[in-house]
Amino acid sequence: TRHSCQLLLSCVLDALGDATAGKKTATQFYERSFDIKFQILGPWHTDTVETFNRLAGICTRSQRQHQQASHMYQQVYELRVAIYGNTHPSVAIAAHMLANVHVCLGKWDDADQNYRLAKNIYSRMGLGPHHSVVEHLSKDIHEMMLLRLEV
């Protein structure tokens with residue numbers, strides 16, 4: 001069907017975006033993929049949210065548009081809470097990414113709140129301090145504390 005072909009195209013566009021990460025073309029690939037998924041699957045579909053999350057990542061990493069990324073990651077976080085509930089690992093990841101952007105913006109209290117959210121979810125999941133995701137989160141929290149001392 002037409003929709004199946006368009007969804008396949010959106011998967012190819014995501015792959016091209018992944019392959020060209022850090023380049024302007026990545027944004028164009030992700031934006032086109034997002035448009036397709038949004039039209040066919042709607043805004044609440046996990047694939048649509050994931051592509052939007054990739055766009056936020058591009059804003060953060062390659063374009064250094066932290067304010068825009070903050071708004072986008074906030075939307076990703078809210079959508080994931082609505083889709084999965086507030087104890088899902090995808091929600092923890094979104095909170096962690098949002099916290100990282102808040103650090104870049106110097107919004108220390110917001111960053112701390114989101115880091116705590118992520119940490120609480122991982123703790124409820126039973127992930128110990130030596131799990132790679134928790135170690136990464138702990139490293140980011142430590143870096144935030146050091147940056148905060150410099151200000």
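None of the values given here were measured: they were computed from a predicted structure.

K.L.:
Residues and numbers for the overall build of the protein, please.
P.N.:
Helix and strand counts for the protein stand at seven helices and zero strands. Ordered by position in the sequence, the α and β elements of the protein form the string α-α-α-α-α-α-α. Over its C-alpha trace the protein gives a radius of gyration of 16 Å, about what one expects of a compact globule, namely 15 Å for 151 residues. Counting only residues that meet the buried cut, the protein has 38% of its 151 residues in that class. Within the protein, residue pairs in contact and separated by at least 24 positions form 50% of the contacts whose partners lie at least 6 positions apart. As displayed, the protein offers around 8,600 Å² of accessible surface, 56% of which is attributable to carbon and sulfur atoms. Measuring between centres, the 15 positive side-chain charges of the protein sit 3 Å from its 14 negative side-chain charges.

K.L.:
Requested: an account of helix 3 (residues 46-61), with residues and values cited.
P.N.:
Compared with the 22 Å implied by 1.5 Å per residue over 16 residues, the 22 Å span of helix 3 between its first and last C-alpha is a close match. Those residues of helix 3 that sit buried are T48, V49, T51, F52, N53, L55, A56, G57, I58, C59 and T60. Elements that come into contact with the buried residues of helix 3 comprise helix 1 (2-19), helix 2 (24-40), helix 4 (66-84) and helix 5 (89-105).

K.L.:
Residue-level account of the pattern of salt bridges, with values.
P.N.:
Two side chains bearing opposite charge may form a pair once their charged atoms approach each other closely. Counted according to the given criterion, the structure contains eight salt bridges. A salt bridge links R54 to D14, with the nearest nitrogen and oxygen atoms 3.2 Å apart. On the criterion of sequence distance, the pair formed by R54 in helix 3 and D14 in helix 1 is long-range, its members being 40 residues apart. One network of salt bridges, with partners in common, ties together D14, D18, K37 and R54.

K.L.:
Hey, could you go over helix 5 for me, with residue numbers and the actual values?
P.N.:
With 17 residues, helix 5 should reach 24 Å at 1.5 Å per residue; the first-to-last C-alpha distance of 25 Å fits that figure. The secondary structure elements touched by the buried residues of helix 5 are helix 3, helix 4, helix 6 (108-124) and helix 7 (132-150). Directly after helix 5, the chain includes G106, whose backbone phi takes a positive value near 75 degrees.

K.L.:
Got a sec to walk through the packing of aromatic side chains? Specific residues and values, please.
P.N.:
Evaluation of the coordinates by the stated rule reveals two aromatic pairs. Pairing F34 with F38 gives two aromatic rings, centres 5.6 Å apart and planes at 40 degrees, and the pair type is tilted. One end of the pair is F34 and the other is F38, both in helix 2 and four residues apart, which spans about a single turn. Members of the aromatic cluster, joined through ring pairs, are F34, F38 and F52.

The rules behind these values
Residues numbered from 1 in each chain as written. Predicted model: local features only at pLDDT ≥ 70, side-chain atom pairs only at ≥ 80, totals over all residues. Heavy atoms only, no water. Helix = DSSP H or I, 4+ residues; strand = E, 2+ residues; numbered from the N terminus. Rg over C-alpha atoms; globule rule 2.2 N^0.38 Å. Buried < 20%, exposed > 50% of the residue type's maximum accessible area, 1.4 Å probe, protein only. Contact = heavy atoms within 4.5 Å. Areas by Shrake-Rupley, 256 points an atom, 1.4 Å probe, with all protein chains shown as cover. Lys, Arg positive; Asp, Glu negative; His and termini not counted. Charge placed at Lys NZ, Arg CZ, Asp CG, Glu CD. Expected span 1.5 Å × (residues − 1). Salt bridge = Lys/Arg side-chain N within 4 Å of Asp/Glu carboxyl O. Phe/Tyr/Trp six-rings, centres within 6.5 Å; stacked < 30°, edge-to-face > 60°.

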